[in-house]
Amino acid sequence: MQFIETRGNDGVKPSSVPFSEAILSPSASFGGLYVPQELPDLDQRFLEKHLNSHYKSLALDFLETFGIDIEKEVLEAALNRYDAFDDPSNPVPLSQIEDDCFVSELYHGPTRAFKDMALQPFGYVLSKLAQKRGENYLIMAATSGDTGPATLETFKNQKGVKVACLYPDGGTSDVQRLQMVTEDAENLKVIGVKGNFDDTQNTLKELLASEDFKAELQAKNIQLSAANSVNFGRIIFQIIYHIHSYLELVRKEVISMGEKIYLVVPSGNFGNALGGYYAKKAGLPIEKILISSNINNILTDWINEGSYDLTTRELIQTESPAMDILKSSNIERIMFDKFGAERTKALMEDLAKEHKFTLTSEELAALREDFDASFSDDEACEKVVGKYAQQGYVMDPHTATCMRAYETLREKKLPTVVYSTAEWTKFSPAVSKALGHEVKDDIEALKWVASHANVSVPPMINGLFNKPIVHNIVVEKEFIKGEMLNFL
């Protein structure tokens, strides 16, 4: 399997690269991204083959069907990372909350968020590639709250890899911040940034594309890579759990093989939704992918109106901070797939220069063949959290945004999978408030929700509050590069 570039080729980089190159050096020509030249066929034969498969067996066969240039034993060892999840036999349980609505719980890994599903195996694969080549890598990650902890967890103490993780100061939950700043492995560096997530992500992309920065790193015998969903190594593992969710519905006899379903995906950087799109394009029977946002609903405008306009928006901090994003990286991969490299390059250049772009009516129609979108504000999400908690199911604010899409966007009454991207424990003050007890202190909120909603707090969350702070640096974005070089 070869990977090609979303904005075309600059004549300097290879016109296509294997998977290993795409994940080690994820910055493509003209600042674009790498995408697979083709997708494997998820036909009924493939699905029936895995109707009774363990998650790891499904994942291994999918990765081998994809034809990536990673040895089978490395993939097997990487997938063994799922053995550390709550239930190794089923790392992604599916819970029913309505007659035709099921929640895919993606948060049962070590950092209690969906990023573990991709980053746990991805981190192992990338580390092994670096060791095999005898190379040293700086892995950069910009986080709106969940990518950071998951990246640090997967790469800590790995040979050949150092990690610099950027987070917006004040733009994550307390638990998310503690998960990062208490990490004490010597190969990890966590940097708070004065600004919002878009500031940190823009800096990461600029450094990834900077030849001067790469030259400074090469002088230290260090290569540069990234752990954000700009890296397809993240996306490939995010396709798999959409297949698993479908097979779970067949196993539960909710649907018969071949029947279509809806997916509802809470979206910020659009990697999770992109995984669903690739699964649909490869043949998984999906009617449509319904995108849910918070009040930073630029994705709603893009999908419903074809407008992506940053000139009239300022980022708003919400109770669902992992979605407090205005520049969504993976829409580029969707537009490449729909409109081709030349048009994608033009649209992304308009976004960079004019801070906006507009799709044609034909392009918008093509986008809406696969997507629809809605959004919810904090007040609406609090009502959703409270409603389902009374019914015995506690969800986090990001998951709560999905319920409006489930209730209003389905044109057909088909079974629906809602993706829960984080455990409630990462946002306990918001959950506590939704249940009628307003408190800003995470420890008190965790205890209160646990006792009043009859849910438990996992030890990896409880233990955070007793760990010493290791990383206390907060800088303006122009000093990020210097902090990274000092760390190295």
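Parameters and conventions
- Residues numbered from 1 in each chain as written.
- Predicted model: local features only at pLDDT ≥ 70, side-chain atom pairs only at ≥ 80, totals over all residues.
- Heavy atoms only, no water.
- Helix = DSSP H or I, 4+ residues; strand = E, 2+ residues; numbered from the N terminus.
- Rg over C-alpha atoms; globule rule 2.2 N^0.38 Å.
- Contact = heavy atoms within 4.5 Å.
- Phe/Tyr/Trp six-rings, centres within 6.5 Å; stacked < 30°, edge-to-face > 60°.
- Buried < 20%, exposed > 50% of the residue type's maximum accessible area, 1.4 Å probe, protein only.
- Pairing = 2+ DSSP bridges.
- Axes fitted to C-alpha atoms, helices over the stretch in contact; angles between N-to-C directions.
- Disulfide = S-S within 2.5 Å.
- Right-handed = clockwise from strand over helix to strand, strands pointing away.
- Polar contact = N/O pair within 3.5 Å; in protein donor to acceptor, adjacent residues only side chain to side chain.
- Salt bridge = Lys/Arg side-chain N within 4 Å of Asp/Glu carboxyl O.

Regarding the overall build of the protein chain
And step 1. Helix and strand counts for the protein chain come out as 22 helices and 16 strands.
And step 2. By the compact-globule yardstick of 23 Å for 488 residues, the protein chain fits well, its C-alpha radius of gyration being 21 Å.
And step 3. Its C-alpha atoms give the protein chain principal-axis dimensions of roughly 60 × 50 × 50 Å.
And step 4. Partitioning the intrachain contacts of the protein chain with sequence separation of at least 6 by distance along the chain shows that 75% fall at a separation of at least 24.

Concerning the packing of aromatic side chains
And step 1. If you walk through the whole model with that rule in mind, you get 15 aromatic pairs.
And step 2. Between Tyr55 and Tyr82, the aromatic rings sit 5.4 Å apart at their centres with planes inclined by 90°, giving edge-to-face as the arrangement. With Tyr55 in helix α3 (residues 55-66) and Tyr82 in the loop between α4 (72-79) and β4 (94-98), the pair connects residues that are 27 residues apart, well separated along the chain.
And step 3. For Tyr55, a relative accessible area of 2% corresponds to the buried category.
And step 4. Overall, Tyr82 belongs to the buried group, its relative accessible area being 0%.
And step 5. Pairing Phe270 with Phe371 gives two aromatic rings, centres 5.6 Å apart and planes at 50°, and the pair type is tilted. One end of the pair, Phe270, is in the loop between β10 (261-266) and α11 (271-282); the other, Phe371, is in strand β14 (residues 371-375), and 101 residues separate them in sequence.
And step 6. Residue class for Phe270 comes out buried when judged on its relative accessible area of 1%.
And step 7. Look at Phe371 and you get buried, because its relative accessible area is 0%.
And step 8. Following the ring pairs from residue to residue traces out a cluster consisting of Phe3, Phe19, Phe62, Phe66, Phe232, Phe270, Tyr277, Tyr278, Trp302 and Phe371.

Examining the sheet that holds strand β11 (residues 286-293)
And step 1. One open sheet accounts for six strands, arranged β4-β5-β15-β10-β11-β14; its pairing is mixed. Each having just a single partner strand, β4 and β14 make up the two edges of the open sheet. Looking at each pair of strands side by side, their axes are set apart by 25° on average, direction ignored.

Regarding the state of the cysteines
And step 1. Applying the stated criterion to the full structure yields zero disulfides.
And step 2. Of all cysteine sulfurs in the structure, the one in Cys402 sits closest to Cys101, which takes part in no disulfide; the separation is 8.6 Å.
And step 3. Judged by its relative accessible area of 0%, Cys101 falls in the buried class.
And step 4. Lacking any disulfide linkage, Cys381 is separated from the closest cysteine sulfur, that of Cys402, by 9.0 Å.
And step 5. Take Cys381: its relative accessible area is 5%, and that puts it in the buried class.

Considerations on the pairing of β10
And step 1. Where burial is concerned, most of β10 is hidden: six out of the six residues are buried.
And step 2. Taking every second residue as pointing to the same face, both faces of β10 are buried, with Ile261, Leu263 and Val265 on one and Tyr262, Val264 and Pro266 on the other.
And step 3. In this view, the connection linking β10 to its parallel neighbour β11 by way of α11 has right-handed handedness.
And step 4. With three bridges joining them, β10 and strand β15 (residues 416-420) adopt parallel strand pairing. Counterpart to Val264 in the pairing with β15 is Val418.

Overview of the side chain of Ser225
And step 1. Within the secondary structure layout, Ser225 lies in strand β9 (residues 223-226).
And step 2. In this structure the side chain of Ser225 is engaged in a polar contact, spanning 3.1 Å, whose partner is the backbone oxygen of Leu24.
And step 3. The contacts of Ser225, once residues within four sequence positions are left out, are Ile23, Leu24, Pro26, Leu126, Tyr137, Leu138, Ile139, Met140, Leu208 and Asn231.

Quick notes on the pattern of salt bridges
And step 1. Applying the stated criterion across every chain, the model contains 25 salt bridges.
And step 2. Taking the shortest distance from any N to any O, the salt bridge between Lys412 and Glu287 comes out at 3.2 Å. On the criterion of sequence distance, the pair formed by Lys412 in the loop between α18 (402-408) and β15 and Glu287 in strand β11 is long-range, its members being 125 residues apart.
And step 3. Residues joined by salt bridges that share partners form a network here, namely Asp86, Arg112 and Glu423.

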